[in-house]
Amino acid sequence: MNSPVWHEAETARRYHIFARQTMMYQELSRLMVQLAEIEPGTQVLDLGCGTGITTQAVLEAVGDGGHVYAVDVSGPMLAVAREQVTSEQVTFIEADAAAITELADGSVERIVCNSVFWQFRHKPQVMAELRRVLAPQGRFVFNAPEPYFMFEAIPRSKKVSVLFEQLAAERYGVGRQDLRSIEVFLRNCGFEIVGKQMLERTRSAAESYLFMQIPVATAWMEPPLEYETRLALLEEAYQLAEPGQATKQRWMYFVTRPL
Ligand SMILES: C[S@@+](CC[C@H](N)C(=O)[O-])C[C@H]1O[C@@H](n2cnc3c(N)ncnc32)[C@H](O)[C@@H]1O
């Protein structure tokens, strides 16, 4: 399951505007396709395909003989993707990541998952499904940004409260992962890490402003504020902020294979 906000038409509309007016998802997709080493003829699952930015990048890599299965749980996101990527080599599937029943066992050679993985609330079930659909020699590539991912290997603690969080991360993939806990979690799910790469990029104030207009980007607030209120706050913040201010974003990419 995931945040119901992904199912809103306004999320898809704003996401599409963001993806068209900035380079972020293209930049992230480019490295993902590169690390997945997709050769012409490959069968690829694009998990959480959204509006199809990564799907398009994968499609260009698979050549004439390959195929892309682009899966997303959100109807509105998929509707935009279907308009954007029109190719007989792409099959769009509306499904949850933990139940991709249209795909047979071992039917894909690569799984790419751009800007989604850390959002899954049911990671063990998703990993079991990926293990099922991925060919034994296949690769699963995903990424995660700070602060959801910590770029350190934090050793097992001796404190109850810290250990509690570490066990939750290792067993269920819940909470923030670090370099050690993600490895343990993946291994528990039958995958091993065979490559890692960091991507650092600069986010301009204008990109932040556009990104935060996507309903899902500010839906985490507790207690929640109405979307209109969030938009009004964002408008004020953008007027008050220095236009030249930029922030560094760091993403970690993982290339994994079934054990
Ligand atoms: C940040 S977008 C990334 C989209 C795309 N990969 C890209 O790079 O543009 C996250 C996507 O993951 C999808 N998603 C979230 N939870 C999902 C789930 N449980 N199963 C399938 N898709 C999911 C959302 O609907 C959304 O379209």
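The model shown is predicted, which means the values in this text are computed figures rather than measured ones. (Residues numbered from 1 in each chain as written. Predicted model: local features only at pLDDT ≥ 70, side-chain atom pairs only at ≥ 80, totals over all residues. Heavy atoms only, no water.)

### Points about the layout of surface pockets
Sizing a probe to match a water molecule and rolling it over the atoms shows the empty space that remains.
Logical step 1: Volume-wise, the second largest pocket comes out at about 230 Å³.
Logical step 2: Together, 14 residues line the second largest pocket, and Ala 19, Gln 26, Gly 52, Ile 53 and Gln 56 are the ones closest to its centre.
Logical step 3: When residues of the lining of the second largest pocket are traced back to their parent elements, those giving at least two are helix H1 (9-21), helix H2 (24-36) and helix H3 (53-62).
Logical step 4: With four residues, the single largest contributor to the lining of the second largest pocket is H3.
Logical step 5: Residues of the lining of the second largest pocket, tallied by class, amount to four nonpolar, seven polar and three charged. (1 Å grid on protein atoms, 1.4 Å probe; cavity = no way out; pocket = protein on both sides within 12 Å on 5 of 7 lines; lining within 4 Å. Points joined across faces, edges and corners; volume = space filled by probe spheres on them. Helix = DSSP H or I, 4+ residues; strand = E, 2+ residues; numbered from the N terminus. Nonpolar A, V, L, I, M, F, W, Y, C, P; charged D, E, K, R; others polar.)

### A few points about the domain arrangement of the protein
Logical step 1: In terms of domains, the protein is made up of domain 1 (4-202 + 249-258) and domain 2 (204-240).
Logical step 2: Between domain 1 and domain 2, the residue contacts involve 14 residues of the former and eleven residues of the latter.
Logical step 3: Buried area between domain 1 and domain 2, both sides added, is near 1,100 Å², and the carbon and sulfur share of it is 71%.
Logical step 4: When the buried area of domain 1 at its contact with domain 2 is split by residue, Val 5, Arg 14 and Phe 18 rank highest and sum to 47% of it.
Logical step 5: Taken together, the connections running from domain 1 to domain 2 amount to one salt bridge.
Logical step 6: Here domain 1 is connected to domain 2 by three residue pairs in polar contact (both at pLDDT 80 or more).
Logical step 7: Mapped by element, the contributors of at least two residues to the side of domain 1 that touches domain 2 are H1, H2 and strand S8 (191-204).
Logical step 8: In terms of residue count, the dominant contributor to the side of domain 1 that touches domain 2 is H1 (six residues).
Logical step 9: Grouping the constituent residues of the side of domain 1 that touches domain 2 by class yields six nonpolar, four polar and four charged. (Domains from an automatic or database assignment. Contact = heavy atoms within 4.5 Å. Buried area = accessible area lost by both parts, 1.4 Å probe. Salt bridge = Lys/Arg side-chain N within 4 Å of Asp/Glu carboxyl O. Polar contact = N/O pair within 3.5 Å; in protein donor to acceptor, adjacent residues only side chain to side chain.)

### As for unusual backbone geometry
Logical step 1: Here Glu 146 and Pro 147 are connected by a cis peptide whose omega angle stands at 0°.
Logical step 2: The residue after Glu 222, namely Pro 223, is reached through a cis peptide bond having omega -5°.
Logical step 3: Following the sequence through the fold, Pro 223 ends up in the loop between helix H8 (205-211) and helix H9 (227-240).
Logical step 4: Non-glycine residue Ser 115 carries a positive phi angle of around 65°.

### Considering the packing of aromatic side chains
Logical step 1: According to the stated counting rule, one finds 15 aromatic pairs in the structure shown.
Logical step 2: Aromatic side chains Phe 18 and Phe 211 sit 5.2 Å apart centroid to centroid with 70° between the ring planes, which places their arrangement in the edge-to-face category. Highlighted residues: Phe 18 in helix H1 and Phe 211 in helix H8, separated in sequence by 193 residues.
Logical step 3: Here Phe 18 falls in the buried class, since its relative accessible area comes to 0%. (Phe/Tyr/Trp six-rings, centres within 6.5 Å; stacked < 30°, edge-to-face > 60°. Buried < 20%, exposed > 50% of the residue type's maximum accessible area, 1.4 Å probe, protein only.)

### Considerations on the sheet that holds S8
Logical step 1: Pairing is mixed across the open sheet formed by seven strands, whose spatial order is S3-S2-S1-S4-S5-S9-S8. With one partner strand each, in any of the chains shown, strand S3 (90-94) and S8 form the two edges of the open sheet. Pairs of neighbouring strands in the sheet enclose a mean axial angle of 15°, with direction left out of account.
Logical step 2: Bridging between strand S2 (residues 67-72) and S3 involves five bridges; their strand directions are parallel. For Asp 72, the partnering residue across the bridge sits in S3 and is Glu 94.
Logical step 3: With respect to the sheet, H2 is in contact with strand S4 (108-113), strand S5 (134-145), S8 and strand S9 (246-258), its orientation differing from that of S9 by roughly 25°.
Logical step 4: Relative to the sheet, helix H4 (residues 75-84) contacts S2 and S3, its axis offset from that of S3 by approximately 165°. (Pairing = 2+ DSSP bridges. Axes fitted to C-alpha atoms, helices over the stretch in contact; angles between N-to-C directions.)

### Remarks on the site of the ligand
Logical step 1: Around the ligand, 21 residues are found, and the nearest of them are Tyr 15, Gly 48, Asp 72, Ala 97 and Asn 114.
Logical step 2: Within the side chain of Tyr 15, one N or O atom sits 2.8 Å away from an oxygen atom of the ligand.
Logical step 3: With respect to the ligand, the backbone of Gly 48 contributes an N or O atom lying 2.7 Å from a nitrogen atom.
Logical step 4: For the ligand, whose unbound accessible area comes to 600 Å², protein coverage reaches 99%. (Near = heavy atom within 4 Å. Areas by Shrake-Rupley, 256 points an atom, 1.4 Å probe, with all protein chains shown as cover.)

### Brief notes about the pairing of S2
Logical step 1: Counting buried positions over the six residues of S2 gives six, a clear majority of the element.
Logical step 2: On S2, burial covers both faces: His 67, Tyr 69 and Val 71 on one face and Val 68, Ala 70 and Asp 72 on the other are all buried.
Logical step 3: Examined bridge by bridge, strand S1 (residues 43-47) and S2 share five bridges and lie parallel to one another. Across the sheet, Val 44 pairs through a bridge with Val 68, a residue of S2.
Logical step 4: With H3 bridging S1 and its parallel neighbour S2, the resulting β-α-β unit is right-handed.
Logical step 5: The β-α-β motif built from S2, the intervening H4 and the parallel element S3 has right-handed crossover chirality. (Right-handed = clockwise from strand over helix to strand, strands pointing away.)

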